[in-house]
Amino acid sequence: MSKLDKFIEIATLFLKLGTIGFGGPTSTIAMMEDEAVHKRKWVTQEYFLEIMAVTNIVPGPNATEMAAHIGYLRAGFPGLIIAGICFLLPATIISVVLAILYMKFGSLPKVNGSFSIINAIIVAILISALLRLCKTAYKNTFSLFLGGSSLVAALFGCDQVLIMFLSGLLSLLFYSVNQTNIAPLIVGALSYKNIHFHIDSIIEPKLAQLALFFLKVGSLLFGSTYILLAFIQNDLVKNFNWITDQQVVDAIAVGQITPGPISTTATFIGYVIAGFPGSIISTIGMFLPSFIIVMFTAKFLPKINHFSTIKTFLDGISASAVALIAYAIINLMKSTINDFTTIIITSVALFLSLKYRIDTLWLILGGFLLGFIKAFLF
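Residues numbered from 1 in each chain as written. Predicted model: local features only at pLDDT ≥ 70, side-chain atom pairs only at ≥ 80, totals over all residues. Heavy atoms only, no water.

## Brief notes about the overall build of the chain
How we decide: Secondary structure elements follow DSSP: runs of H or I no shorter than four residues count as helices, runs of E no shorter than two count as strands, and numbering proceeds from the N terminus. By definition in these notes, contact holds between two residues if any of their heavy atoms fall within 4.5 Å.
What the chain contains, in helices and strands, is 17 helices and zero strands. For the chain, contacts bridging at least 24 residues in sequence account for 74% of all contacts bridging at least 6.

As structure tokens, then:
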């Protein structure tokens, strides 16, 4: 098979997966496993599992990194780029279209009614995801201590990036790693606030800030895609005042009902803040770190899982990240769960999610349906 044929094959597969990949990274990665391991035999089951294990401990959206890595295994670095872009393209286009419609009609009362009723459902989905993450992140008393300390620090307004890195450093210290190995990480964490990229001289300042924000998020997406919510809450809502809590909830809803990675929420938010240029630069900023991580580690990525020092550091960051997700959910609940009706809706949605594992897509579509019924009939 020629290189061109391989490129077409990769593009076709990942455009397909990016279009039908509903249900979050777990279901999408399962589709990749079926296609790459069983149907096409591009990679062995054992190697696929090794890649999957490592993408859980490095930053970035897991499904996107899996797509890029499979593309690399099939056709080298060109395959990596083609797989990643084709996987992201359908969700990115859909998110832009929905953002355009949202900005055009989102202020109309009837449309607002359809969005507002799903706010409580979104909170239930986030709480359900948080509970699942807690089972993974908090395996012992020390990880609970890191999570609790991170939550308290966030409540007192400490910088979230610094909280995460210090949590990773404390994890290393607790498990008695040689201090020589820790020193560079401490220097990096403490100097983070002094790093300036000066890209605002190249592009419009607001776009530059947006690019830097999503580059930061894409580089620090440990533990779960939902850490995106914590950063958005802290920076774009509280610090910059670019969007509201309501728009955050609506963006999460769009990310849940579109196929492909939930992280294309960045595309939607970028459009809301700065139009089409904002959507493009936010998407690039969000996913560029993932491409770079896979590009520079593709040849030895599975070996990372065997470095206990790296894993210990990342475990500490994950414990902190889950706590920051909890902090963001608490802030959303203040503006969302405010009467008896929203309490009932959240409780029912949470019960359905936890007890019967109802897919988030169906919960949100049900919320939209109820919202439209409420808006047009009452």
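## Quick look at the environment of L324
Within the secondary structure, L324 is located in helix α15 (residues 308-336). For the pair L324 and A230, spaced 94 residues apart in sequence, the C-alpha separation works out to 5.8 Å. Residues contacting L324, with those up to four places away along its chain left out, are S150, A154, Q160, I163, M164, I227 and A230.

## Digging into the nonpolar core
What counts is decided by this rule: To form a nonpolar core, buried Ala, Val, Leu, Ile, Met, Phe, Trp, Tyr and Cys residues must be joined to one another through side-chain atoms within 4.5 Å. Classification of residues uses two cut-offs on accessible area relative to the type maximum, computed with a 1.4 Å probe and protein chains only: under 20% is buried, over 50% is exposed, and between them is partly exposed.
Ranked by internal contacts, the top residues of the largest apolar core, which has 88 residues, are F214 and I243. Once residues within four sequence positions are removed from consideration, I243 is found in contact with I232, L236, V237, V248, I269, V272 and I273. Counting 21 residues, the second largest nonpolar core, distinct from the first, contains A36, V37, I51 and A83.

## A closer look at unusual backbone geometry
Phi angles above zero are rare outside glycine, and K41 is one such case at about 55°. You will see that R357, though not glycine, has its phi angle at about 55°, which is positive. Note that R357 resides in the loop between α16 (340-356) and α17 (360-377).

## A short note on the pattern of salt bridges
Condition: In the sections that follow, a salt bridge refers to a side-chain nitrogen of Lys or Arg positioned within 4 Å of a carboxyl oxygen of Asp or Glu.
What the rule picks out here adds up to seven salt bridges. Linking R40 and E35 is a salt bridge whose minimum nitrogen-to-oxygen distance equals 3.1 Å. One salt bridge in this structure joins D235 and K216, with 2.5 Å as the shortest N-O distance. Residue D235 is located in helix α11 (residues 227-239), and its partner K216 is located in helix α10 (residues 205-219); the two are separated by 19 residues in the primary sequence. Both residues of the pair, D235 and K216, belong to the buried class.

## Regarding the packing of α10 against α11
Note the cut-off: Where helices are involved, their axes are fitted lines through C-alpha atoms of the stretch in contact, as for all axes, and angles between N-to-C directions lie from 0 to 180°. Angle categories are assigned with fixed cut-offs, so that under 35 degrees is roughly parallel, over 145 is roughly antiparallel, 65 to 115 is roughly perpendicular, and the rest are oblique. Throughout, a crossing is termed right-handed when the near helix is turned clockwise from the far one, and left-handed when it is turned anticlockwise from it by less than a right angle. Just so you know the grouping, Ala, Val, Leu, Ile, Met, Phe, Trp, Tyr, Cys and Pro go in nonpolar, Asp, Glu, Lys and Arg go in charged, and all remaining residues, Gly too, go in polar.
Running from amino to carboxyl end, α10 crosses α11 at an angle of 150°, the nearest separation of the two axes being 10 Å. Considering their axes alone, α10 and α11 lie roughly antiparallel with respect to each other. In this structure, the crossing between α10 and α11 has a hand that is right-handed. Contacts between α10 and α11 pair F213, F214, K216 and V217 from the former with L228, F231, I232, D235 and L236 from the latter. When the residues that make up the contact of α10 with α11 are grouped by side-chain class, the tally is seven nonpolar, no polar and two charged.

## Focus: the confidence of the model for the chain
What counts, and what does not: For every residue, the pLDDT score states the predictor's confidence, bounded by 0 at the bottom and 100 at the top.
For the chain, mean pLDDT is 83; residues scoring 70 or higher make up 85% of the total. Ranking the helices and strands of the chain by mean pLDDT puts helix α1 (residues 3-20) first, with 94, and helix α9 (residues 179-191) last, with 46. Every residue in residues 182-201 is under pLDDT 50, and counting partners more than four places away or in other chains gives 20 contacts.

## Remarks on the packing of aromatic side chains
Selection criterion: Any two of the Phe, Tyr and Trp rings considered here, Trp counted by its six-membered ring, make a pair once their centres fall within 6.5 Å; the pair's planes then place it as stacked at under 30 degrees, edge-to-face at over 60, or tilted in between.
Following the criterion strictly, the structure yields ten aromatic pairs and no others. Ring plane angle 90° and centroid distance 5.0 Å describe the contact between F174 and Y175, whose orientation is recorded as edge-to-face. You can call F174 partly exposed: its relative accessible area is 45%. Judged by its relative accessible area of 39%, Y175 falls in the partly exposed class. Ring geometry for F213 versus F214: centroids 4.8 Å apart, planes at 75°, classification edge-to-face.

## Topic: the side chain of E9
Where we set the bar: Counted as a polar contact is a pair of N or O atoms within 3.5 Å, where, for protein atoms, one must be capable of donating a hydrogen and the other of accepting one, and residues adjacent in sequence contribute only when both atoms are in side chains.
Looking at the secondary structure, you find E9 in helix α1. With a relative accessible area of 19%, E9 lands in the buried category. Here R74 takes part through its side chain, which lies 3.0 Å from a polar atom of the side chain of E9. The contact partners of E9, leaving out residues within four places of it in the chain, are M1, R40, W42 and R74.

## Here we look at a nonpolar patch on the surface
For the record, the criterion: Nonpolar side chains (Val, Leu, Ile, Met, Phe, Trp, Tyr) are joined into patches within 5 Å and like charges within 9 Å, using only residues with over 30% relative accessible area and no salt bridge. Throughout, the Shrake-Rupley method with a 1.4 Å probe supplies accessible areas, and for residues the shown protein chains are the sole cover considered.
Together, F77, I81, I85, F276, I280, I284, L288, I292, M295 and F296 give the surface a local cluster of nonpolar side chains, amounting to about 890 Å² of exposed area. Among the secondary structure elements, those contributing two or more residues to the nonpolar patch are α4 (62-105) and α13 (265-297). Here the nonpolar patch takes seven residues from α13, the largest share from any one element.

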